[in-house]
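These are the residues of each chain, in order.
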Amino acid sequence: MPMELSPLRQLRMGRLPKMVSWYEPRLLARVGVRTIVSSVFGQYADQRLMQAVTDPCDDKELCQRYDYSDTTATDPQKRVAADSSGAVWIDYVADVGDGFEATYSTAYLLAQDSLDIQGAGMLPHGELLIMGGDQCYPQATREEYKKRLLEPFNWAFSVPEPTRKLFAIPGNHDWYDGLIAFDSLFCSSRDKLSEDKGNIIGGWQCQQHRSYWAMRLPHNWWIWGADIQFSKYLDTAQVNYFEAMAKQLEEGHTLIICLAQPSWMIADLQGLDEEENFFKITSIARARGAHIAAVIAGDWHHYNRYYAPELDVHFITSGGGGAFLHPTHILKNNVSVRWPEKQEAANAPEANAPGVRQGERWQARRYDMRLRRGTRAADNVVDQAVQDVQDVLEPLQPARMRRRRNPLPPQATKCYPSKTRSYILSLGNILFPFYNPGFALAVGLIYWFVTWQFQNLVTSEEISLGKIDKLGVGTSMWEVLPFMPLYLLQAMIVSISLTALLGGLYATLVWYVDAIDRPGFRRYFTKFAIGSTHFLAHLIAMFTLSLLVVSLNNQMTPTIERYVQSLSQTRDQQSPIVQESLDTLQRKAQRQKQELSKTEPPSPVRQIVGFTSYPILMVIFGALIGGSLWGLYWVLTGLARMHAADAFAALRIANYKNFLRMKFEPGRLTIYPLGVDKVPGADDWLNAPRDRDNPLPHNPKLIASKPIDIRLIEAPIVIDRRDEKAE
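Within each chain, residue numbers correspond to sequence positions counted from 1 in written order. At least 70 in pLDDT is required for a residue's local features to be given in this predicted model, at least 80 for side-chain atom pairs to be given and counted, and no such filter applies to totals for whole chains, interfaces and linings, which use all residues. To obtain the side-chain values, all non-hydrogen atoms of the structure were used and water was disregarded.

Take the packing of aromatic side chains next. Aromatic rings from Phe, Tyr and Trp, with only the six-membered ring used for Trp, were paired whenever their centres fell within 6.5 Å, and each pair was classed as stacked if the ring planes differed by under 30 degrees, edge-to-face if by over 60, and tilted otherwise. Inspection of every chain in the model, using the stated rule, returns 42 aromatic pairs. A centroid spacing of 5.1 Å and a plane angle of 90° characterise the contact between Tyr-66 and Phe-167, whose relative ring orientation is edge-to-face. Remark: Phe-167 occurs in strand E5 (residues 164-168) and Tyr-66 occurs in the loop between helix H4 (59-64) and strand E1 (88-93); sequence separation between them is 101 residues. Exposed residues in this analysis have more than 50% of their type's maximum accessible area, buried residues have under 20%, and partly exposed residues fall in between, with area computed by a 1.4 Å probe over protein chains only. Residue Tyr-66 is classed as buried on the basis of its relative accessible area, which comes to 5%. You can call Phe-167 buried: its relative accessible area is 0%. Ring centres 5.5 Å apart and planes at 85° place the aromatic pair Phe-432 and Phe-439 in the edge-to-face group. Neither residue differs from the other here; Phe-432 and Phe-439 are each classed as buried. Members of the aromatic cluster, connected to one another through ring pairs, are Tyr-23, Phe-432, Phe-439, Tyr-512, Trp-630, Tyr-633 and Trp-634. The rule for a charge over a ring is simple: NZ of Lys or CZ of Arg within 6 Å of the ring centre, and within 35 degrees of the ring normal. Just above the ring of Phe-483 sits the side chain of Lys-467; from NZ or CZ to the centre is 5.4 Å. A helix here means a DSSP run of H or I that spans at least four residues, while a strand means a run of E at least two residues long, and both kinds are numbered starting from the N terminus.

Structure, rendered in C-alpha cells:
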C-alpha cells in the first residue's frame, strides 16, 4: 500500500489544484457546453422551485428558522454567540474554490480565533460565515467542490465538532450543473432525517434549507441572501419567501442584502434593468419600512465600495476569496443606481412611463453613487478619461507611498488593488502566449491554415508571377510586401474556401468586441472599428510571418539540396529505402526540367522542406506573435473598459485576496474590509507537527512559516442605524 503524502509534500509536488487555466482550449469547450446546457436546464427545470416543493413547513417555522436574535437561547442551533460587549461578529467571503494556495490562505485566516489588524486592533472571528457565490471553479461538480473548496477549508479548520455556522448563496458557476451539487452540499438540512444539521465544512456547519435565506440577528439587524440564478429573476417561491420574511420587519430594523453579483454595477455598465433581481429584492425589503444599510456582492474578484449619500446605502463588492483577480482600473468614479420608491397616489405616473413596475406600487428612481469622495460625475467621455488618468497618477505621489501596510488614505479610491496597480498588472497580457500556451497554439494553427491555403494558391494559380516562391533567393521582402493586398485579393477571387476562412475570422473578431456599455449606433460602430483593427493586425502579422517563413525555407533549401546530392553520389553505400527515395527525387527533378513553363517550378527538395518546416514554423511563431497581439489587444481595450474579465482570467493572478469582517452592535454596524497583498506560496507553509499538539486552536494541517500580512483595505466602514419609513 503506497504511503500517503503529507499535505506539504502534495503542495510542493503540484498535486493540489492550481489556478484554473481558463484559456486551455478543452476547458473552454467544456465550459461553453455546460453553460448552454445549464441555461436551458435552468429555464425548464428550476432547482429553486424543487427546493420549495421538497421543503414543506408552516409559515411560523419558515419565519423563525434562522432567528438568532436571542443571544441567550439555550439551543445552540438558534444562537449566535456575542462577545463580551454584546456585539455579534460575522464574516463574508465570496468567489473561493479556485487555486489551492489562495483558497487555503483565505480559509486559514477565517479559521483563526482572531486577527490582529493594524489600525483596527484585535478582531474576533465571525461566529457565522457567509459565502457569497461561486464557491467552486470552473464547473460546479462534486469532484471540483471536493478538491477546490472542501479540502482547503477542511485542512485549514480541522476540529472534531463544528463550532460556527455557515450560509451560502450560489453564483453563476454554482449553477453550471443546474445547482445540483450546491444543493447537495449546502442545503442538506432540508432532509428531515438530518434534524436540521447540515454538512460540515471545516469548523463550519451548513444551516440553510434552500439556496436563499433570511436571518435575523441580535439588535434588530437582518441579513438576506438571494439566489439570482444567472443574473436573472427571483422565482415565485423565492419572492413569496422574502415577502413572508418582510412581514417580520419593523420600523427601526436594518437590513443587509447579499447577492451573488453586483447587479447595480452590471445594470449601469450594460444598460440593463435590475428589476428581475436587485430591484425586486430591495422593493420587498423596503415595503415594511426597514432601512437597507448595505448591499454586498461577489462575482467581481476585487474589492470596491460605492456610496449613495441620498440613500445612505453602501454598495460593496468583495469577491476576493480565492479566484483570480479582476481589474479595478475599469471602475468609474460615479455610477447611478435605480432604487425603488413608492408611487404617490396623487401624482402616480402613467402605467407605461419609464421606471414604472406594472402591477406594483414601486417606481424606479435614479440615484448617483460614488466610488470616492469629493468627485463629480463625468460630463462626457473626455472628462471621464481625465478622471481615469488622475486616478492612475494620484497614488504615485510620494506621500501615498510611505507605508505599504497603512490603510488607504481617506480620499483614495475605494477599490483594491488600486487602479494604478491594476493597469500595471494588465500589461502582463503582452506575455499571453507564455501564460496560455494552449490558446496561443490554437492561434498559431489558424495562422498556418489560412496562409497555407494562400501559398498553395500562389503556386497553383501563379499569383505574383513567382516572386513569392523566390523570396530570399531572387526576390526581397520589400518587392513583395507592397503588393500583398493585391495578391491576397487575387487569391480570394479564385478560392471560396480562403474567402470563407477570412470572412469567418473577421466576423468572429468583430462579434467578440465588448461594446455592450455603448448604446445604440455607438455599439455597432465600436464593434466595427475595433474588430476591423484587430483583424487587420492579425492579417498583417500572419501574412508577413508567412513570407518570412517562405524566405527562410528558400534560404535553407540550397544547403539541403547539396546534402541530398552528396547522398545520391554515395547511394551504393545507402540502404535500399534511402536509394529508392533519392532515385524518386532525381526522376521528378529530371521531368520538371524537361517541362516548359512560364515560371520555374520549385524543386522537389524545396517542396519537402516547405511541407515539413512551414507548418512547424508557422504554428510556433504564429503562437508567439498572434498570442502577443491578442494580449496587446486586451491591454489597449482595457483603457476603454473592455474585456476586463477576459484579460485578467488569462493572467490567473492569485494575489490581492479580500474578505469582510462585520461587527453588529446595538444601533451600529462596523465593516472591516481586509486584504492580503500576496498569497503565501508553497515554500511559505509547514506541516503541522505530528508528535505534539498543534500550536493553533483551529488545528490546520499546514501552518504558515511566518504571519500572513493582512491589512485594512480602507478605514473601517461605520454605519449607524437610522429609522426610515418607505415613501
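On to the packing of helix H14 (residues 437-460) against helix H17 (residues 496-512), then. All axes here are fitted lines through C-alpha atoms, helices being fitted over the stretch that makes contact, and every angle between N-to-C directions spans 0 to 180 degrees. Between H14 and H17, whose axes approach to 10 Å, the crossing angle comes to 155°. Taken together, the axis directions place H14 and H17 in an arrangement best described as roughly antiparallel. Between H14 and H17 the crossing geometry is left-handed. Between H14 and H17, the contacting residues are Phe-449, Val-450, Gln-453 and Leu-457 on the first element and Ser-497, Leu-498, Leu-501 and Leu-502 on the second. The scheme is simple: roughly parallel for angles under 35 degrees, roughly antiparallel for over 145, roughly perpendicular for 65 to 115, oblique for anything else. When the near helix sits turned anticlockwise from the far one by under a right angle, the crossing is termed left-handed; a clockwise turn instead gives a right-handed crossing. Residue contacts follow a heavy-atom distance rule, with two residues in contact if any of their heavy atoms lie within 4.5 Å.

Of the residues making up helix H16 (residues 484-494), those classed as buried are Met-484, Tyr-487, Leu-488 and Ala-491. All buried residues of H16 fall inside an arc of 100° around its axis, so they share one side. Residues Pro-485 and Ile-493 are exposed on H16 and point more than 90 degrees away from its buried face. It is the directions from the helix axis to the C-beta atoms whose arc is reported.

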